[in-house]
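Fold and geometry: a report
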Amino acid sequence: MRAGPARPLRAADMKKDVRILLVGEPRVGKTSLIMSLVSEEFPEEVPPRAEEITIPADVTPERVPTHIVDYSEAEQSDEQLHQEISQANVICIVYAVNNKHSIDKVTSRWIPLINERTDKDSRLPLILVGNKSDLVEYSSMETILPIMNQYTEIETCVEMKPACIKALTRIFKISDQDNDGTLNDAELNFFQRICFNTPLAPQALEDVKNVVRKHISDGVADSGLTLKGFLFLHTLFIQRGRHETTWTVLRRFGYDDDLDLTPEYLFPLLKIPPDCTTELNHHAYLFLQSTFDKHDLDRDCALSPDELKDLFKVFPYIPWGPDVNNTVCTNERGWITYQGFLSQWTLTTYLDVQRCLEYLGYLGYSILTEQESQASAITVTRDKKIDLQKKQTQRNVFRCNVIGMKNSGKSGVLQALLGRNLMRQKKIRDDHKSYYAINTVYVYGQEKYLLLHDISESEFLTEAEIICDVVCLVYDVSNSKSFEYCARIFKQHFMDSRIPCLIIAAKSDLHEVKQDYSISPADFCRKHKMPPPQAFTCNTADAPSKDIFVKLTTMAMYPHARLRCMCTCNRCTFCICQNFLNSDLLQSVKNKIFTAVLNRLRARVAEWGAMLLADDESSITHQVHAVSCVEDSIFMESSHGPLFLEARHVTQADLKSSTFWLRASFGATVFAVLGFAMYKALLKQR
């Protein structure tokens, strides 16, 4: 808006009255400016010359009466012009931004003419006013700045710069929450409230739109304010001297005096302790969902290149490259789907949270959600060591480093997570390949994000390449030298760590050859108490199987558990028990069992009577102990098979004792209840 700071008026210029003269070439808009100042709108019919206007002292900031005088070459003589110049305290030279001739006349005619009529020691302060800037998409400041540097009497230049127009355009697009190209009454009221802390009355809204309608034919459409109308209002504010109104809006949306977004706005403070990760919270996902819906104009649950370009118009640059399309899920046309859109934001948050904060700032997250900053969109997870101690995690994003020799099939594993078979993978250009892939995986009914990172082959891994939640070691079954690299990396970095590892036998559709290693991959896994190698291929007619990704995510979620079953079939004993143990049904069944046991014991004690009281007290103790043993053994997995009831030392005396049969009946009851619950869980899974 202002190009360079204005110099303050000298003491000699501070008179009882201030007289401002507007000069310039015909039809540059001098009279329109004066009349808009009086009526707060541009007139439909502009006279050749405006009458002199006097602004009372109590209205002006300096408390000095101000006279504004218009000059018309058609109605006034050169002598009258010279007289007006001699009487003026300040002269505004008006030019039209879209008229180069009017700009040239500033130096060829007006400044020399004014200087001729004033003393060299007391030059009049000059102000250059660039009018009609709303009619062009460029600025004249590159031409005006040399003029300002040449003539010291020029105090300042008033013009809406392209940077201001660009900033206001971004503000308009953020405020246009339904992306229909107009600001409806609700959106205008929201804009008014967040900028000025007060809504507009319905009549006031209509008055604003009427002002725009009178001067711009396409400033209002479908009862909403268009971008042209929005820019026109701010042009009006600037030309009427109400710069602070526009600056209030700009500052609310994060801009500084140079019309750049401030670092405080883009990068709010966010403390991340060591061994903690960053994730988007529920409110952030809701915001991103609304952002996706706003730009998915054809409602096909995917963003076309044009829709994605429209979304990024509020960014100073395009943040996503072509590799993103091979990092997240896309539709058959290669367009990023809704799930892929959320996945990419999840990836950015996990890998580079500062960049995520920056991107959310461009989208206006803190403004639209009315939060202090976009840091409120981030959840910082607790220290991973605490998760290991408590044997449970609250995290939703898990990182898996994929390690193996070049051409071992790592890229195929990454693309298989996105549901792409070998045929689709062959269509990926080399310069569009990605070293990351992220997608959702369901583990025991819980949605989690699995992030795969392809680690380049090297003799030793860096510390950053070791940090992850689970390791996927990939070897090619058709390459006899492929497994040796996996075994060596495992021994160097992961054999003594607490990071779970899974070995993938990739390209299993090809002929398997014997690996050049001292023991077979299966024996290697048994030796190091790892799950057996998992056969995998992406050379399928449909999307490759996602079983290995469920297994990897499960291992990342439960790194403390030695998982003997890796089928994730939801039908075997392990899967059924895991589903059951992770359900809310367990606590309910346990509570009912203990309640039933205690009630049964109380009833039996009452029946036996006082004469067996002493004997029964001892029996009760044994019965409660038996119930505890049954409960402990039921949820214990045998190293030789499925769940079992632990065989206690049963003596001949126990067999004759009534308490033995009571314990046996209780155990059978518990086993029957749990068996029925597992059967129901199995049916539900099917």
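Residues numbered from 1 in each chain as written. Predicted model: local features only at pLDDT ≥ 70, side-chain atom pairs only at ≥ 80, totals over all residues. Heavy atoms only, no water.

Concerning the overall build of the protein chain
If you tally the helices and strands in the protein chain, you get 27 helices and 19 strands. Within the span of the protein chain, comprising 686 residues, buried residues form 49% of the whole. A sequence separation of at least 24 residues applies to 70% of the contacts in the protein chain between residues at least 6 apart. Looking at the protein chain as shown, the accessible area adds up to about 35300 Å², and 53% of this sits on carbon and sulfur atoms. (Helix = DSSP H or I, 4+ residues; strand = E, 2+ residues; numbered from the N terminus. Buried < 20%, exposed > 50% of the residue type's maximum accessible area, 1.4 Å probe, protein only. Contact = heavy atoms within 4.5 Å. Areas by Shrake-Rupley, 256 points an atom, 1.4 Å probe, with all protein chains shown as cover.)

Comments concerning the UniProt feature "domain: EF-hand" (unreviewed entry) in the protein chain
UniProt records the feature "domain: EF-hand" (unreviewed entry) for residues 283-318 in the present numbering. For the annotated span residues 283-318, helix accounts for 56% and strand for 6% of the residues, and the straight-line distance between the end C-alpha atoms is 24 Å. (UniProt positions renumbered as here; feature names shortened; annotations may be inferred.)

Considering the sheet that holds strand 16 (residues 446-455)
The mixed open sheet is built from six strands, whose spatial order is 15-16-14-17-18-19. In this open sheet, the two strands that pair with only one neighbour each are strand 15 (436-443) and strand 19 (534-535). (Pairing = 2+ DSSP bridges.)

Thoughts on the nonpolar core
Counting residues in each nonpolar core, the largest one holds 75 residues, and the members touching the most others are Ile171, Leu250, Phe253, Trp320, Phe341 and Trp345. Residues within four places of Phe253 in sequence aside, it is in contact with Arg170, Ile171, Ile174, Ser175, Phe191, Ile194, Cys195, Leu261, Tyr265 and Ile367. Val413, Leu418, Val470 and Val550 belong to the second largest nonpolar core, which has 30 residues in total. (Core = buried A, V, L, I, M, F, W, Y, C linked by side-chain atoms within 4.5 Å.)

Structural notes on the packing of helix 2 (residues 78-87) against helix 3 (residues 100-116)
Remark: helix 2 packs on helix 3, axes separated minimally by 10 Å, with the N-to-C direction vectors making an angle of 65°. As helix 2 runs across helix 3, the sense of the crossing is right-handed. Across the interface between the two elements, Leu81, His82 and Ile85 from helix 2 touch Trp110, Leu113 and Ile114 from helix 3. Among the residues forming the contact of helix 2 with helix 3, the class breakdown is five nonpolar, one polar and no charged. (Axes fitted to C-alpha atoms, helices over the stretch in contact; angles between N-to-C directions. Left-handed = near helix turned anticlockwise from the far one by under 90°. Nonpolar A, V, L, I, M, F, W, Y, C, P; charged D, E, K, R; others polar.)

Quick word on the packing of helix 6 (residues 185-196) against helix 9 (residues 243-252)
Here helix 6 crosses helix 9 at 90°, and the two axes come no closer than 9 Å. In terms of orientation, helix 6 and helix 9 fall into the roughly perpendicular class. Across the interface between the two elements, Phe191, Ile194, Cys195 and Phe196 from helix 6 touch Thr245, Thr248, Val249 and Arg252 from helix 9. The residue makeup of the contact of helix 6 with helix 9, split by class, is five nonpolar, two polar and one charged. (Parallel < 35°, antiparallel > 145°, perpendicular 65-115°, else oblique.)

Remarks on the pairing of strand 14 (residues 397-403)
Of all seven residues making up strand 14, seven are buried, and the element is well covered by its neighbours. Residues Val397, Arg399, Asn401 and Ile403 line one face of strand 14 and the alternating positions Phe398, Cys400 and Val402 line the opposite face, and both faces are buried. Where strand 14 and strand 16 come together, seven bridges link them in parallel fashion. Across the sheet, the residue bridging to Phe398 is Leu450, located in strand 16.

Examining the side chain of Thr31
Residue placement: Thr31 occurs in helix 1 (residues 30-39). In this structure Thr31 comes out as buried when scored by relative accessible area, which is 8%. Residues in contact with Thr31, not counting those within four places in the same chain, are Val46, Pro47, Pro48, Arg49, Ala50 and Asp70.

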